[in-house]
Amino acid sequence: GTGSHWHKNLCAMSYCRRVPAFPLSEGAALLEETATRLAAEDPLSAEALDGLFSTMASIRRHIHSNPEPGFEEVKTNAFIRQTLQSLAGLDPASMRDCAKTGLVVDIKGEGPPSAAASGLRTIALRADMDALRMTEMNRSLPYRSTNEGVAHLCGHDGHMASLLGAATLIAKRASKLPAGCAVRLLFQPAEEGPGGAKPMIEEGALDGVDECYGYHNWPAFEYGSLHVKRGAVMAHPTSFKIVVTGKGGHGSQPHVAVDPVLTAAHIVVALQSVVARAVDPTKQAVCSVTMIHGGEVSNVIPDQVEMQGTLRDLDPSVCQTMYRRVREIVAGVCAAFGASATVELEGAYPAVDNHAAQADAVADLARKLLRREEAVSEDGLPMMGAEDFSEFLHKVPGAFWFLGGNEEKLNGWARLGAAGSRSNCMCHNTAFDFNDNVSPMAAVFFVRLVEERLRRSLFSAAG
């Protein structure tokens, strides 16, 4: 059963009574008490869950104030290890570093061996670890970044807190997982670039894994909603760089120069036809020129102009069409103006393609847990952002979903101990802050998903 406490805590936050401790050291006693309670109680009391969810908010805020960029998540790695020991009670021997600063952790079943009814033995759950190289402008936040020029403005701090919460709940019930079954935690570095999923896979992070799951918070979606669909949910990005070379000269004598500024301007306009006229209108694609640099002095026509931008697609054939048209347009416009150009196209992560059965399992479970048909939808998907979770899905079946974070007022754990009103601004905005109410939902969802996929009940109906 979904359980009354779970449901109330998930949707109404009715038991939220504590202000999450910050700095984290002030929450040490609660962390210890919570770890003990979670191990001893069955079913879990509302107080035990409140203690866990409050501790998760403190953990998230601690990580938020100590952000580290991709492949530099050294302190973050150490903090996750420490928390998995103190809160979840996991043995350091179950943890190993992976892809430089990433972490792979196995929670192994300790119950009587049995062939899991579903045939699945190991489920992987993933959270990304890295912060962005951006300056946090939310100066009123008590737990704002203390690492100037680096900030958790995409919510990876919340993703880690969610997975730590799920890990704690699962670890306390390892005796109910049959020997031979496991839940693998993937704490992944460098999602924002250059990408930590691929090196993790190369170092064996998915060895023996049957399915892999992950989520992203999304501030535009209503809090309490889960968005998922089969197939593509995020795009394949390509960065492009176009350097137009003309022949510089005096601004007053353009007839003896070849103007790369004018040529570049025509290229920018012509590139708008790539999606509008070359891509099948039933397919999604984006072509955005986002940078133009050229010239130094107002009365001089420069030799060169450099442009950069991004292409997005969900389908390799659309990608090839766009690559071809970008090159043809640049060459054609340059020929018309007597200029020349180089074009560099650099594709990154593949599209995030959800496997059908696993996406359906996520949607079915969400309908059961959220108890509102309209809370589970495909609205807003696919989105044209990119995520290297796609690398995991290219290796094993799984799914990636979005949990809404949009709330008009500060409620529950997000209300307590945070100043001001909710910004609800998008990820990568300089004032973004993860909604702490999402972590409990995400953690419980991970636990229930493990139960569904391994066909094991870890928590009784009332807990």
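What this report covers is the structure whose coordinates are included nearby. (Residues numbered from 1 in each chain as written. Predicted model: local features only at pLDDT ≥ 70, side-chain atom pairs only at ≥ 80, totals over all residues. Heavy atoms only, no water.)

## With respect to the sheet that holds strand 1 (residues 95–98)
Pairing is mixed across the open sheet formed by eight strands, whose spatial order is 1-2-4-3-5-16-6-15. Among the strands making up the open sheet, the edge pair consists of strand 1 and strand 15 (376–377). Of the pairings in the sheet, the one linking strand 5 (residues 211–222) to strand 16 (residues 398–406) comprises eight bridges and is parallel in character. Residue pairing across strands places Glu 222 opposite Asn 406, the latter belonging to strand 16. This element, helix 12 (residues 438–454), spans strand 3 (122–128), strand 4 (182–188), strand 5, strand 6 (226–227) and strand 16 of the sheet and lies at about 150 degrees to strand 5. (Pairing = 2+ DSSP bridges. Helix = DSSP H or I, 4+ residues; strand = E, 2+ residues; numbered from the N terminus. Contact = heavy atoms within 4.5 Å. Axes fitted to C-alpha atoms, helices over the stretch in contact; angles between N-to-C directions.)

## Digging into the sheet that holds strand 13 (residues 340–347)
Reading across from one edge, 10-12-8-13 is the order of the four strands in this open sheet, with antiparallel pairing throughout. At either margin of the open sheet sits one strand with a lone partner, and together these are strand 10 (285–294) and strand 13. Neighbouring strand axes in the sheet, compared pairwise and without regard to direction, differ in orientation by 15 degrees on average. Relative to strand 10, helix 7 (residues 260–278) is tilted by about 170 degrees, and along the sheet it contacts strand 8 (236–245), strand 10 and strand 12 (304–313). Where helix 8 (residues 316–337) meets the sheet, its contacts fall on strand 8, strand 10, strand 12 and strand 13, and the angle it forms with strand 13 comes to roughly 165 degrees.

## Quick word on the pattern of salt bridges
A complete count under the given rule lists 22 salt bridges for this structure. One salt bridge in this structure joins Arg 61 and Asp 436, with 2.9 Å as the shortest N-O distance. Placement of the pair is Arg 61 in helix 3 (residues 46–65) and Asp 436 in the loop between helix 11 (412–415) and helix 12, with a sequence separation of 375 residues. Each member of the pair Arg 61 and Asp 436 is classed as buried. (Salt bridge = Lys/Arg side-chain N within 4 Å of Asp/Glu carboxyl O. Buried < 20%, exposed > 50% of the residue type's maximum accessible area, 1.4 Å probe, protein only.)

## Examining the nonpolar core
With 104 residues, the main nonpolar core has Leu 84, Phe 187 and Trp 401 as its most contacted residues. Considering each element in turn, this core owes the most residues, 11 residues, to helix 12. Leaving out residues up to four positions away in the same chain, Trp 401 has contacts with Tyr 213, Gly 214, Tyr 215, His 216, Leu 226, His 227, Val 228, Val 362, Phe 445, Phe 446 and Leu 449. Core analysis: the next-biggest nonpolar cluster, separate from the first, contains 26 residues, Phe 240, Ile 242, Val 330 and Ala 339 among them. (Core = buried A, V, L, I, M, F, W, Y, C linked by side-chain atoms within 4.5 Å.)

## A look at unusual backbone geometry
Peptide bonds are mostly trans, and most non-glycine residues show a negative phi. The residue after Asp 42, namely Pro 43, is reached through a cis peptide bond having omega 5 degrees. Here Pro 43 shows up in the loop between helix 2 (28–40) and helix 3. Look at the link from Gly 193 to Pro 194: it is a cis peptide, with omega at 0 degrees. The topology assignment puts Pro 194 in the loop between strand 4 and helix 6 (197–202). In this model, Ala 190 sits at a positive phi of 55 degrees, which is unusual for a non-glycine residue. Exposure remark for Ala 190: the relative accessible area of 0% places this residue in the buried category. Although it is not a glycine, His 428 adopts a positive phi angle of roughly 80 degrees. Looking at where His 428 falls in the secondary structure, it is placed in the loop between helix 11 and helix 12.

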